[in-house]
Amino acid sequence: MKTNQKTSSPRIETKDELLDYLRSMYEIRFFEDKVYSLLREGTIKGASHLYAGQEAVAVGAIAAIDEKDIIASTHRGHGHCGAIGNKHAKTEEARQEHWNKMMAELMGKATGYCKGRGGSMHIADVQKGNLGSTGIVGGNIPVATGAALAEKLKDSGAVVLCFFGDGATNTGAFHEAVNMGSTLLCGLPVVYICENNLYGMSVPFCEKSVDKAGQASRIRDVYARAAAYGIPGESVDGMDVLAVKDVISKAVERARKGEGPTLIEAKTYRWYGHSSSDQRIYRTREEEAEWKARDPLNVLRNKLLDWGIASEDELDAVQDKAEQTIETATQFALSSPYPDVSELMDDVYVPSDPVKTESARTAELETLAKVHLVEDEIRSLAPGTLPKVKSDLAKQLEEKHGMRIVTYVQAIVEAQREEMQRDKTVFIMGEDVGLYGGAYAATRGLIDEFGMERVIDTAISEAAIVGAAGGAAMRGMRPIAEIMYIDFLTIASDQLIHNVGYNRYMFGGKTTVPCVIRTEGGVGRSIAAHHSESLEAMFLHVPGLYVVMPSTPYDAKGLLKSAIRDDNPVLFIEHKVLYSGVMGPIPDWDYTIPIGVADIKRKGRHATIVAYSRMLHFAMDAAIELAKEGIEIEVIDPRTLNPLDIATIADSVRKTGRIITVSEGYPRCGVGAEIIRQLGEYSFENGKTGFDYLDARPIMLSGKDCPIPMSEPLEDAVVPTREDIIQAVKSVL
């Protein structure tokens, strides 16, 4: 160890604080070394991206924040989790328990932070400000930005630290999220911390020591990119914990004062390869030796000796204590049980109360009878398939039935307005949702009532919008994020699936993500394949997401209000043609519709049609036409595709013996196929299944297996028509 002449300390930290920084770094180092050993012997499974060498960044950054502050981590996140856990641990017992949970999580044990669900790349302690790590590079940056948005809206004074590597700075999520952090509400309280360890897996960020290695950036310094977002950027020696703390402290103070984000680049180095199988052929051993000569543990240790703060014996005792902590954690994890397989499906969703759902189903029946009466009359007076009448006739129907008649889009606006009035945590964000009122007027007028802090216009940044909604939801808000077209949701699929959909389960059920992602899809406006798809089946594959698709104004309002109040994330898919193309009655009272309850729109006995969204109206039109021939069709609108009210569908098929599903979506792996799968597996009280009651083959009408064409006659032909439905029914009678 270094033993040169001692000088007085220039630091304001106490001796205990400085020794604790050193202890935390040793704990992280010993943890990572132990994990590497356990990986090599097969005790730890899967991938672990080790943080050894970068300890100064996590410890220094987290030393700069308060307990009320929050972090968002990356796949190389053991150091972040370790440091923030230590910050919240007030006793030695609590500190040991923290490391026990970390090691147990990496071993996939039930005693881990996430009950073994997340493992190395998804470790989290949401209850103590660790929003978790993500296995998708850059995927945590929108979440962190959303968390910062939530803290600003709550005026909590909390700041978010967002950690990521140099590889993330070349992703779209980085650009979208940092730009969002710099622009929303004059700048959000977030510090973006790039841990530049020089390599994105094997590709050098800029400079290289091996000729055949690639290059990820022509710009040597990540912090220089801050200029593009109009925020400060600064570089810091990521091997010096005190230098890191100083720089981060200034950025945190700036954020806390309302001056917005800062982009910090910590120049650092990872001791191990990208993962345990990495042979590190992309960097030289000489380069590794140069960096290891500046081991961050020794950098701090030598300073403490130089300043006369601690003796060698005291520092050795800190090191020994850290090593013992990790050894105890390892033994705890080894002796812990694995999760019981019976718990496999726990925490995918926030559970609903089946008693309350059935009570709500029964309570709605009286209202539905009145609503159906008015809907049927509007349908009989409408000149086409969609139930819409002129305003003077609508007024007459209002007076006759004592119920307001509104358009589908009016119902959407009303639902959002009422929920924003009821709950201050509800806010709207998305492209053109503010002054413009939404591309289809679904947020029109709301900015005038609620202001720019609750109706927030964003840049064209779908990934950031959805990810930020997830982050804000995890911090206690109830965001409604609008994605203009469902086609654009493909850009945000990482955020929607891996963060919004999965976080509750991956983090052991210790968080909720109560957000609504509103979007619209479908044909009918001749705007071709990038603006006309019906992609609901794609998101039905995703556990953790509810999928709701209303077809009438009554359903749109009641279901959207329920979606906003639900603790699960909800993908709420509207149809562009229905916005102004459909009218219907809505009650004057504050009503909601239970999620997961279908509506029998028309009673019948010869066959069952299950249709939703725009196709529901084609099915009703076909049923009316078939009734003229004495064929009585039962038409069911599932209203929500997940959860699906398969019991109502199965009971209908038990009576009719025939089923036709109708959807605009593509045929392969479509909604119709999923309905038939669930029907076939449904068990009745007598031991029979839904399949047993089928008297004819099920028919699944859907869109054609081709992209949506622009030309109107081709577009009309690409989805089922009334005539297609009539022919399908007759083919099974």
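Conventions adopted
Residues numbered from 1 in each chain as written. Predicted model: local features only at pLDDT ≥ 70, side-chain atom pairs only at ≥ 80, totals over all residues. Heavy atoms only, no water. Axes fitted to C-alpha atoms, helices over the stretch in contact; angles between N-to-C directions. Helix = DSSP H or I, 4+ residues; strand = E, 2+ residues; numbered from the N terminus. Parallel < 35°, antiparallel > 145°, perpendicular 65-115°, else oblique. Left-handed = near helix turned anticlockwise from the far one by under 90°. Contact = heavy atoms within 4.5 Å. Pairing = 2+ DSSP bridges. Core = buried A, V, L, I, M, F, W, Y, C linked by side-chain atoms within 4.5 Å. Buried < 20%, exposed > 50% of the residue type's maximum accessible area, 1.4 Å probe, protein only.

A. Region of interest: the packing of helix H21 (residues 614-627) against helix H25 (residues 722-732). The contact between H21 and H25 brings their axes to 9 Å, and the two run at 55 degrees. Considered as vectors, H21 and H25 are oriented oblique to each other. Handedness of the H21/H25 crossing: right-handed. Facing H21, whose interface residues are Phe618, Ala619, Asp621, Ala622, Glu625 and Leu626, H25 presents Arg722, Ile725, Ile726, Val729 and Lys730.

B. Structural detail: the sheet that holds strand S10 (residues 455-457). Sheet architecture is open: 7 strands sit in the order S10-S9-S11-S12-S14-S13-S19, paired in mixed fashion. Strands with a single pairing partner mark the edges of an open sheet, and in this sheet they are S10 and strand S19 (640-642). On average, each strand axis in the sheet is inclined to that of its neighbour by 20 degrees, with strand direction left out of account. Where strand S11 (residues 478-483) meets strand S12 (residues 516-521), 4 bridges bridge the pair, whose relative direction is parallel. In the sheet register, Ile480 faces S12, and the bridge partner there is Val516. Those strands touched by helix H15 (residues 462-474) are strand S9 (426-430), S11 and S12, and its axis lies near 170 degrees from that of S11.

C. Representation of the nonpolar core in the model. Residues Met103, Leu161, Ile248, Met429, Leu489 and Ile517 are the most contacted members of the largest nonpolar core, which totals 211 residues. It is helix H1 (residues 15-41) that provides the largest number of residues to this core, a total of 12 residues. For Met103, the contacting residues outside a window of four places in its chain are Phe31, Lys34, Val35, Leu38, Ile44, Ile326, Ala329, Thr330 and Ala333. Among the nonpolar cores identified, the runner-up in size contains 28 residues, and Val523, Phe618, Ile631 and Val662 belong to it.

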